[in-house]
Amino acid sequence: MEHHSVIIAGGGPGGLGVAATLEGWHPRFEGDYEFPSDEVQAFAKQNEANPLAFDPHELLERGHRPIEFYRMRHHPIQDAVPLDEWSLKFTKQQRADWIMLSTDGPGGLWNNVPKEQMTLGPAHWMELAHYPIGKFYEQTGRDRDLNSLVHRDDLVPYYQAFTEELGLNDHIKSGVKVTSIAPVGDDIDARFVVETADQSNGTTAKYSCDYVVFGVGPRSSIRKLDANGTDQSYVSLAYTHPDDYPGERVIVIGGGRSADWAAQELHDAGKIILYVMRQKPDTHLKLINDSQFLPYYQRWAEILSGEQERMGLLYESSVTAFESEGLVAISTPEGLVQVQIDHAVVEIGGDPDYEILSSYEDLSFHAKRDNFRFQLNQLKVDQATFESIDVPGLYPAGYSAQGTGLSVIGFHAGCFLIAGDILRKSNLV
Ligand SMILES: Cc1cc2nc3c(=O)[nH]c(=O)nc-3n(C[C@H](O)[C@H](O)[C@H](O)COP(=O)(O)OP(=O)(O)OC[C@H]3O[C@@H](n4cnc5c(N)ncnc54)[C@H](O)[C@@H]3O)c2cc1C
């Protein structure tokens, strides 16, 4: 069985930040920086050459959140900090023995979003600090505003360049699905056995390791629509681009941001849309109203205040069956209706795949809800290290860890807490 000190499951922004830090790209603070608290400022100054070396419990015990310690240096102000003014820098040190196993390549779920997908926030919010996105724009001749939204055609190449620039690629195996993370038996000198399946040929393999970084992301277990006939050829279980759907009449099933994106883009491409969702109108309208800072929600407000000739919205409704010839049965508050369509797009989201950890009984979860209707269970972790409170050596990365926001800017700084803890325990810092 191949052994590594650390196995990182998942190649999204969550896993990549930890990988870069374990590769030896250690943060340091430089120049004129200021933390809002004098106590934290003094602490930072004292540890600025090597902040990974101190135990962040020291901050926690004084009432400061360790993840904020790094986040404040990466994003000290609302707007992007010009490259020559960064106070967060990196020094290359010895690497730890890590390997990343991931279904997609670098960039995680951004590899599979719709072809024209934009982010919900500015470019610098999506960045991993070790390789600033401003530097990527400069190096690749992209004339872009760091405070503007990013197209996925810029973002995925950025994450790919991140792995290239920082020398991570030799340690990343993509096309590999982690199927189980479990405790080892007494006969092996390690903590975990990680089982995998090669996605191209199904070949299985086993690895052992001392630490696992669990970064499989929020969509690693796609929700299944509870309806008959989802295998009909006119049903797509993920949205890509209007050109991929022949015919005029499209039913979109969902109700979250991804379904909103699909329904609007198809509508604006000239299709006739029936948008079916389980939620009440008020909930959907609240999301639209609360999201008016985003261009595609401004467009939603426009569509709803217009004639809506090609956008039919069915609230508190659910599709019960997809039948032959494009016939779709829908349960509505007024009773069962049947419509005929050319294509169906199902966008009902997913959850982190905690089945992978099913060997561990009674994991403690924190039910995370945000104003924008993201809902998921996060694993409870030590807030100084992001180590699971239930499984020593297990570190949820990305947004499956309690105490992070549900966005890259919200969770990225956690990579320094995770890698720092592993490096300190491995005497590498
Ligand atoms: C349409 C859309 C728009 C979004 N917009 C924004 C935004 O604007 N800003 C923002 O900050 N966030 C946004 N998000 C949230 C998104 O979750 C984060 O941007 C980010 O991708 C999360 O990073 P992650 O590393 O936790 O997970 P992911 O990006 O999901 O990466 C995890 C990766 O792990 C791999 N994986 C999954 N299961 C396994 C397995 N069993 N074994 C091995 N590998 C596995 C897959 O390759 C997966 O892609 C958006 C999400 C969606 C769906």
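To keep things clear, this report deals only with the structure shown in the data block. (Residues numbered from 1 in each chain as written. Predicted model: local features only at pLDDT ≥ 70, side-chain atom pairs only at ≥ 80, totals over all residues. Heavy atoms only, no water.)

By nearness alone, 33 residues border the ligand, and Gly14, Asp104, Leu120, Val178 and Val408 come closest of all. In the model, an oxygen atom of the ligand is placed 2.9 Å from a nitrogen or oxygen of the Thr103 side chain. Coverage of the ligand by the protein amounts to 93% of the 970 Å² it exposes when considered alone. Every element with two or more residues in the shell around the ligand is listed here: helix 1 (13-22), strand 4 (98-102), strand 5 (118-122), strand 8 (176-183) and helix 10 (408-411). Of the residues assigned to the shell around the ligand, the class counts are 14 nonpolar, 16 polar and three charged. (Near = heavy atom within 4 Å. Polar contact = N/O pair within 3.5 Å; in protein donor to acceptor, adjacent residues only side chain to side chain. Areas by Shrake-Rupley, 256 points an atom, 1.4 Å probe, with all protein chains shown as cover. Helix = DSSP H or I, 4+ residues; strand = E, 2+ residues; numbered from the N terminus. Nonpolar A, V, L, I, M, F, W, Y, C, P; charged D, E, K, R; others polar.)

Right, let's get into the environment of Arg424. In this structure, Arg424 sits in helix 11 (residues 414-425). When the C-alpha positions of Arg424 and Ala53 are compared, they lie 6.6 Å apart, and in sequence the two are 371 residues distant. Not counting residues up to four positions away in its chain, the partners in contact with Arg424 are Leu52, Ala53, Phe54, Asp55, Pro56, Thr385 and Val429. In terms of polar contacts, Arg424 uses its side chain to reach the backbone carbonyl oxygen of Phe54, at 3.2 Å. (Contact = heavy atoms within 4.5 Å.)

Glancing now at the packing of aromatic side chains. Counted under the stated rule, the structure contains 25 aromatic pairs. Summarising the aromatic geometry, the rings of Tyr33 and Phe35 are spaced 6.1 Å apart at their centres and angled 85° between planes, so their arrangement reads as edge-to-face. Between Tyr70 and Phe416 the ring centres are 4.9 Å apart and the planes differ by 35°, which places this aromatic pair in the tilted class. Linking Tyr70 in helix 4 (residues 66-74) with Phe416 in helix 11, this pair joins segments that are 346 residues apart in sequence. (Phe/Tyr/Trp six-rings, centres within 6.5 Å; stacked < 30°, edge-to-face > 60°.)

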